[in-house]
Amino acid sequence: MDAMAGSRIFGMSDEDCVLDRLITLSEKPSENVPSLRATVARLHSRVASHDIHVRAKLVEKFCRPSSGYLALLLSLLENVKDHPSLCSLVGILHECCAPKAAGSEKGGKKSSTNSRVVATEQLVQLGGTHAILKLVMHVVKDTNSGQQQPSPPVWPHQFTHDLLWLLAHLAQRDGKFALKCRTMGALKVLHLLLKNHVSSSKLLYPLLMMMKILARNGNTSKLLVKDGAAQTMEITLTSLGLTPHPRLRLCIDVMNSLAKNPVFCGKLSRTQVIHILLRLIERCDHQEGKLQLRICSAALSTLYRMCAYKAGRVVFRSHNGLQILHSFCTSCPDEKNRDALVGRASDVISICLENRAPLLAENTLSPAKFALPVPLTNIYAQEDRSGSSSRDTTPNSDDEKIGDEECLIPDEVESTCMEESATLPQIMLRDIDDLKAYSHFFEELSGSQRSSRDSSLSDSEDEEDTSSASKSTKSSSQSEYRALNPIETLKNLKIFSKIRSGIDPYKVYFSIASKVIPVIPFVKVAYPDMIGAEAVNAPEPLYTKDRKVCRTKLMQCVDRGLHPEQGMSRVVYDMDSIVNNVRRNSFSSERMLGNWDESRLGKENPDVVHLVFESRFESGNLRRATQVGPLEYDLILMPDVNSNKHHQWFYFEVSNMKADLPYTFNIINCEKQNSQFNYGMKPLLFSVFNAVNEQIGWVRTGTDICYYRNTYLNQTGGGKVRPYLTTSFTITFPHARDVCYLAYHYPYPYSRMMMQVWNWAHTIQPSILFKVQQLCYSLNDNEVPVLTVTNHDSASSPMQDREIVILSCRVHPGESNSSWVLEGLLQYLLSSHENAERLRDHFIFKVIPMLNPEGVINGCHRCGLSDEDLNRRWSRPDQTLHPVIYNAKGLIEYCCRVLHRIPYFYCDLHGHSRRKNVFFYGCSQAGSWNAADRTVPEDPTEFLLLPHILQQTAPAFSLNHCNFRVERGRESTARVALWRQLGITRSYTLESSYCGCDQGPYQGYHLGTYQLHEMGRNLCEALRTLYEDGWKLKLVLACSSPQTFANEQPNRVVGGIAGLGGVRTYEEEAVLTNPSDDSDYEEEYHAMNECH
């Protein structure tokens, strides 16, 4: 302030003189009340001037960050007691934040928006929300005390108007607004203001804006409901009537957010709200305009939430809701902007149907049942007692979220913003003596050439630990390490026993597949797996969705739910019956599996007039097929073993078809709320006839592809009613009496992985050290291999000098695309390419190609045999229930704590069902949910350089989709647990889309096996570049301006970075995850002003 309060300079403008006078008066505001009152009044008159140039010039001075004027105004607001002065100060701040404040003839609306955002964010950072909330509470207190006395109201109406609008502007940009209201006790005050101003045309809108933000927070919504928000919202809605208006839309938005609370829904069901909402929807089918459509959408969303509970469904049906919404759907104009309304109306109809047929008459639990060695309840009871439970039942990928389209602002974001020491999951690290059992996985490090690493060791405790670790490693081998022939290392796995070299590859595959132990016995080997089928070479374009077809299918589904007695229903394949028959009859699991599809080509069974299905082969998944039309079949997928959920992956055989007829398949028990099938993804088709005669592998196929909610209820989500979704597609088979396979993605079963290991061991170059070892057995006694890839020890590249890289894959069995990426990586790494040779000189690669073999074998999508997401078990894996995770973590822990070698790079490969492209999830201290993490200094280039290298070299990679946040719910994932517990800085998850790309050279095309292999090769090249040239990249970055560098990068990396200029903090990301719709907000704000 002293710098700003310097002496006046000759030629000062009138505004500068007034501002200079304000600075002087602010030093002792209580002693110069009349002068201060006149000064701020003069500033207020100029900042609210009708002359747009005068207003813009002064507002620009106020909003300039270096000026300090906003901080001055806030300071005066907190210290001044004079009412007229306070009115002027609030008016000035309101004009600075209002959308109209900085509009100019040249800048227009964009200039107004930018100025408003800058001013509002400055005020939030300066603590403006707290100061304005405090003033609001003071005003309400004065007003209430004034009403109890014969004196008139203390505060003028215009002041209240400016004050509430100012607070509403700040609330839009303050991610902690709900938390501040709770801690200051302002919730009841704001609720009281809403109740008192229901009929106020000027004050209702800003109050509803604030209520919407409060309602979206779980904790504050509970308090509002307890304070009687249901009755308030009913009165507000009733007073607004049925005429479209921004206030009406905002009122319904508030109700929609509060309707996530079951108590609120129960109270609202006893009012006339459902009736009013239905009347609004009736009027909307013939109304035009953006506002009308948004009101209708909000009304349908509110109905959907209320009808999720029995009381809401009863009231809905009593008001003829089914007939009203069905009439709305059928009469709604066939326009793209109405499709979402028809979809939501169909959702409400689906959950309100009476006397519906269940999806399965019998138990929805999987027919694949496995007796666990230890009950899950024992494990979690023990963890609960220790306060470290990491069980997570959310069916998400590493950072992939599903659920309602609108999410509550996470309560954890608020709590961690306030708590400096948030609780971390209890870390389970094993004893050093216990970890030494993993020494044989690093035998290549014993007896190697003396390295620069050895010569640099000091006489410290670390040196003693390292030498003792080296001794323990040598003692396990009892001699200098001798590299075995790769073929000899195959003997470490029993699955390769009795398989002779040089025999027919098909016989090798049959022998491997026959030793696999499934839960439900297999009857064959799938033909595509037997021949190692891949995608066609040419890139395949994404499907262009036909919205008219999708609306037609949706309405057919609704009509079928309303009239279930119409149409045919014949079960043609039933895994439950098959399993029951197998249990009653003896079944030999020791017979040799094979494939006879070629002999079946062209043969037809005249007694069977429908398609024939089969899925009893490795990774197969189909539970039931029901014929519902001459050429239409409803399919039900198998849940994961011992589960009743996780339906997404499918892989089954179809035969007995006729050529050139459109067969429609409806997979009717999907769970995810959206799918890439809605955005261009096609299912996969493999034709045995084409493979035999034309050597064609997997192809993308299908027309009329849609993904929508159906009328079957999913009641497996803890009591909450939610419809299943349907994946529908039509396929015209090219050949009659063919044998075909349909799949969600390119299958990569356990036996193929083992077959590839066999092939690599028999074709490896002598210069490559390739070792196959058994990590452990899975729950059902299937072997889990660990692969080691590097060059043999040499004087020019000592083994001790090499960094360690650890790769893992398929913790989620349905994510087969990850295995294709890993296969491409290993093929490149084992090749004779010059750069591959250099990589093997730089690194020792430890690869665990299948972390969840049981899930892969049995066709699961998410879990294994214990119905647990194994990627939520890395913090505290159980040795009995999670043997693969337990031993994989033990191997990595041995490397870090016994060998004292932190892996240079760890990557867990995954697939992603919601996004396109390939991208990384990483870990940043600044992006952590935990306050203690954010105080730790870090070098962001350590984990950001690799994604930036891939952005330049990998066609399928997207930097804009990368995310480096560390969320509380991901603490038990491999990525975060190894980063936090073992200090692996470059700990990543690599996510590959099931679908395709929307950027780069592959934009508009699917990711086939060639592109996935290419991504594996690109990852190798990026790793080599990082190791060899990373220091150069860091030097370039250090010498360049961060701002300049940021401008050359994409503007935003989701949840992570803005270029390489820095990483967004967790609080910053919390604000950005719930941005306000500025364009809509400004339109409605100006509409409100025009009305007034």
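Computed from a predicted model, the values in this text were never measured in an experiment.

*Asks:* Residues and numbers for the overall build of the protein, please.
*Replies:* In terms of regular secondary structure, the protein is built from 44 helices and 18 strands. Across the 1092 residues of the protein, 59% fall into the buried class. Look at the contacts in the protein between residues 6 or more apart in sequence, and 80% of them connect residues 24 or more apart. A total of about 43,000 Å² of accessible surface is found on the protein, and carbon and sulfur atoms cover 50% of it.

*Asks:* Residues and numbers for the sheet that holds strand 18 (residues 987-993), please.
*Replies:* Taken in spatial order, the 7 strands line up as 12-13-15-14-16-18-17 in an open sheet, and their pairing is mixed. Because the sheet does not close on itself, it has two edges, and the strands there are strand 12 (768-777) and strand 17 (918-921). Each strand of the sheet is rotated relative to its neighbour by a mean of 20°, with strand direction disregarded. In this sheet, strand 16 (residues 905-912) lies alongside strand 14 (residues 803-809) in parallel orientation, the contact comprising 5 bridges. What sits directly across from I806, in strand 16, is Y906.

*Asks:* Run through the packing of aromatic side chains, naming residues and quoting values.
*Replies:* Applying the stated rule across the entire model yields 35 aromatic pairs. Relative to Y988, the ring of F905 has its centre 5.7 Å away and its plane inclined at 45°; by these criteria the two rings are tilted. With F905 in strand 16 and Y988 in strand 18, this residue pair connects regions lying 83 residues apart in the sequence. According to the relative accessible area criterion, F905 is buried, its value standing at 1%. By the ring-pair criterion, three or more aromatic residues cluster together here, those being F613, Y633, F650, F652, Y663, F665, F677, F729, F733, Y744 and Y994.

*Asks:* Provide a residue-level description of the environment of S366, including the pertinent values.
*Replies:* With respect to the helices and strands, S366 occurs in the loop between helix 20 (336-352) and helix 21 (376-386). We classify S366 as buried; its relative accessible area is 0%. Among all residues touching S366, those that are not within four sequence positions of it are R623, M638, P639, D640, V641, N642 and S643. A polar contact of 3.0 Å, which involves the side chain of S366, links it to the backbone nitrogen of A368.

*Asks:* Tell me about the state of the cysteines, and name the residues and values.
*Replies:* Taken as a whole and judged by the stated rule, the model has 1 disulfide. Linked covalently through their sulfurs, C550 and C706 form a disulfide whose S-S length is 2.5 Å. Disulfide C550-C706: torsion about the S-S bond near -95°, hence left-handed. Taken together, the residues C550 in helix 29 (residues 547-562) and C706 in strand 9 (residues 703-717) connect sequence positions 156 residues apart. On the basis of relative accessible area, C550 is assigned to the buried category, the value being 10%.

*Asks:* How would you summarise the sheet that holds strand 5 (residues 651-655) if you had to cite specific residues and measurements?
*Replies:* With antiparallel pairing, the 5 strands of this open sheet are ordered in space as 2-5-11-7-8. The outermost strands of the open sheet, each flanked by one partner alone, are strand 2 (612-614) and strand 8 (699-700). Sheet topology places strand 2 next to strand 5; 3 bridges connect them, and they run antiparallel. Note that in strand 5 the partner of E614 across the bridge is E653.

*Asks:* Quick one: what's the story with the packing of helix 18 (residues 310-318) against helix 20, residue by residue and with numbers?
*Replies:* With their axes 10 Å apart at the nearest point, helix 18 and helix 20 run at an angle of 105° to one another. Classified by the interaxial angle, the pair formed by helix 18 and helix 20 is roughly perpendicular. Residues R313, F316 and R317 of helix 18 form the contact with helix 20, whose own contacting residues are V348, I351 and C352. Looking at the contact of helix 18 with helix 20 residue by residue, the class counts come to 4 nonpolar, no polar and 2 charged.

*Asks:* Tell me about the pairing of strand 12, and please be specific about residues and values.
*Replies:* A regular strand carries its side chains on alternate faces of the sheet. Along strand 12, 8 of the 10 residues are buried, which leaves the element largely enclosed by surrounding structure. Relative to strand 13 (residues 783-791), strand 12 runs antiparallel, the two sharing 9 bridges. Note that in strand 13 the partner of C776 across the bridge is V784. Here strand 12 folds back onto strand 13, and the loop between the two strands holds 5 residues, one of which, D781, carries a positive phi near 65°.

*Asks:* Could you give an account of the nonpolar core, with specific residues and numbers?
*Replies:* Core analysis: the largest hydrophobic core is formed by 141 residues, its most contacted members being F496, F613, F665, Y741, F845, F905 and F920. Ignoring anything within four residues of it in the chain, the contact list for F920 reads C907, L946, P947, L950, F957, H961, C962, N963, Y988, T989, L990 and L1019. Counting residues in each nonpolar core, the second largest holds 132 residues, with L25, L36, M210 and F328 among its members.

*Asks:* Before we move on, could you go through helix 13 (residues 229-240) and cite the residues and values that matter?
*Replies:* Taking 1.5 Å per residue as the helical rise, helix 13 with its 12 residues ought to reach 16 Å, and the 16 Å between its terminal C-alpha atoms agrees with that figure. Along helix 13, the residues classified as buried are A229, A230, T232, M233, T236, L237 and L240. Taken around the axis of helix 13, the buried residues stretch over an arc of 160°, which confines them to a single face. Where helix 13 ends, the next residue or the one after it, G241, has phi of about 75°, a positive value.

*Asks:* Tell me about the pairing of strand 16, and please be specific about residues and values.
*Replies:* Counted residue by residue, strand 16 has 8 buried out of 8 residues, so it is predominantly covered. Of the two faces of strand 16, the one holding F905, C907, L909 and G911 and the one holding Y906, D908, H910 and H912 are both buried throughout. Two elements, strand 16 and strand 18, share 7 bridges in a ladder whose sense is parallel. Directly across from D908, in strand 18, lies its bridge partner T989.

*Asks:* Tell me about helix 29, and please be specific about residues and values.
*Replies:* With 16 residues, helix 29 extends 23 Å from end C-alpha to end C-alpha; this agrees with the ideal 22 Å at 1.5 Å per step. Burial in helix 29 covers these residues: V549, C550, R551, K553, L554, M555, C557, V558 and G561. Two or three places before K548, at the opening of helix 29, D546 has a side-chain oxygen 3.1 Å from that residue's backbone nitrogen.

Criteria and cut-off values
- Residues numbered from 1 in each chain as written.
- Predicted model: local features only at pLDDT ≥ 70, side-chain atom pairs only at ≥ 80, totals over all residues.
- Heavy atoms only, no water.
- Helix = DSSP H or I, 4+ residues; strand = E, 2+ residues; numbered from the N terminus.
- Buried < 20%, exposed > 50% of the residue type's maximum accessible area, 1.4 Å probe, protein only.
- Contact = heavy atoms within 4.5 Å.
- Areas by Shrake-Rupley, 256 points an atom, 1.4 Å probe, with all protein chains shown as cover.
- Pairing = 2+ DSSP bridges.
- Axes fitted to C-alpha atoms, helices over the stretch in contact; angles between N-to-C directions.
- Phe/Tyr/Trp six-rings, centres within 6.5 Å; stacked < 30°, edge-to-face > 60°.
- Polar contact = N/O pair within 3.5 Å; in protein donor to acceptor, adjacent residues only side chain to side chain.
- Disulfide = S-S within 2.5 Å.
- Parallel < 35°, antiparallel > 145°, perpendicular 65-115°, else oblique.
- Nonpolar A, V, L, I, M, F, W, Y, C, P; charged D, E, K, R; others polar.
- Core = buried A, V, L, I, M, F, W, Y, C linked by side-chain atoms within 4.5 Å.
- Expected span 1.5 Å × (residues − 1).
- Arc of directions from axis to C-beta.

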